[in-house]
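Residue-level structural notes
Chain by chain, the residues run as shown.
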Amino acid sequence: MATAVAEKIAALTTEIYLGELAKRGSREKYDAVLTKVPDIKPESYDQLPTA
């Protein structure tokens, strides 16, 4: 039972942490960073397999 409680507390703490981190984020800054990424095909070792 103690392990289950510890896991739940850890999950809630993580959720709170990520929520606070998200509040500091900015969609405009995110988009600005993405515009710097070149639009090129990834190397073969970095491609997702196709089904």
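Before reading further, recall that the structure is shown in the block above.
Things to note about the overall build of the protein
Secondary structure summary: the protein contains two helices and zero strands in total. For 51 residues, the compact-globule estimate of 2.2 N^0.38 gives 10 Å, and the C-alpha radius of gyration of the protein, at 19 Å, exceeds that figure by more than 25%. The principal-axis extents of the C-alpha atoms in the protein amount to approximately 50 × 35 × 15 Å. Taking all 51 residues of the protein together, 0% fall into the buried category. Carbon and sulfur atoms make up 62% of the accessible area of the protein, which totals about 5300 Å².

Some remarks on the environment of Gln47
Topologically, Gln47 is positioned in the segment after helix H2 (27–34). Between the C-alpha atom of Gln47 and that of Leu21, which follows or precedes it by 26 residues, the distance is 30 Å. Apart from residues no more than four positions distant in its own chain, Gln47 is found in contact with Lys41 and Pro42. In terms of polar contacts, Gln47 uses its side chain to reach the backbone carbonyl oxygen of Pro42, at 3.0 Å.

What about a nonpolar patch on the surface?
Nonpolar side chains collect at one region of the surface, where Met1, Val5 and Ile9 lie side by side and expose about 370 Å² of accessible area between them. With respect to the helices and strands, the residue Val5 is situated in helix H1 (residues 2–24). A relative accessible area of 44% means that Val5 is categorised as partly exposed.

Description of the pattern of salt bridges
A full pass over the atoms with the stated rule returns two salt bridges. Close ionic contact of Glu20 with Lys23 constitutes a salt bridge, the shortest N to O distance being 3.3 Å. With a gap of three residues between them, Glu20 and Lys23 both fall in helix H1, about one helical turn apart. The residue Arg27 makes a salt bridge to Asp31 at a minimum N-O spacing of 3.5 Å. Within this pair, Arg27 and its partner Asp31 are both found in helix H2, separated by four residues, close to a single helical turn. According to the relative accessible area criterion, Arg27 is exposed, its value standing at 57%. Judged by relative accessible area, which is 33%, Asp31 ranks as partly exposed.

Calculation rules
- Residues numbered from 1 in each chain as written.
- Predicted model: local features only at pLDDT ≥ 70, side-chain atom pairs only at ≥ 80, totals over all residues.
- Heavy atoms only, no water.
- Helix = DSSP H or I, 4+ residues; strand = E, 2+ residues; numbered from the N terminus.
- Rg over C-alpha atoms; globule rule 2.2 N^0.38 Å.
- Buried < 20%, exposed > 50% of the residue type's maximum accessible area, 1.4 Å probe, protein only.
- Areas by Shrake-Rupley, 256 points an atom, 1.4 Å probe, with all protein chains shown as cover.
- Contact = heavy atoms within 4.5 Å.
- Polar contact = N/O pair within 3.5 Å; in protein donor to acceptor, adjacent residues only side chain to side chain.
- Patch = residues over 30% accessible without salt bridge, like charges linked within 9 Å, V, L, I, M, F, W, Y side chains within 5 Å.
- Salt bridge = Lys/Arg side-chain N within 4 Å of Asp/Glu carboxyl O.

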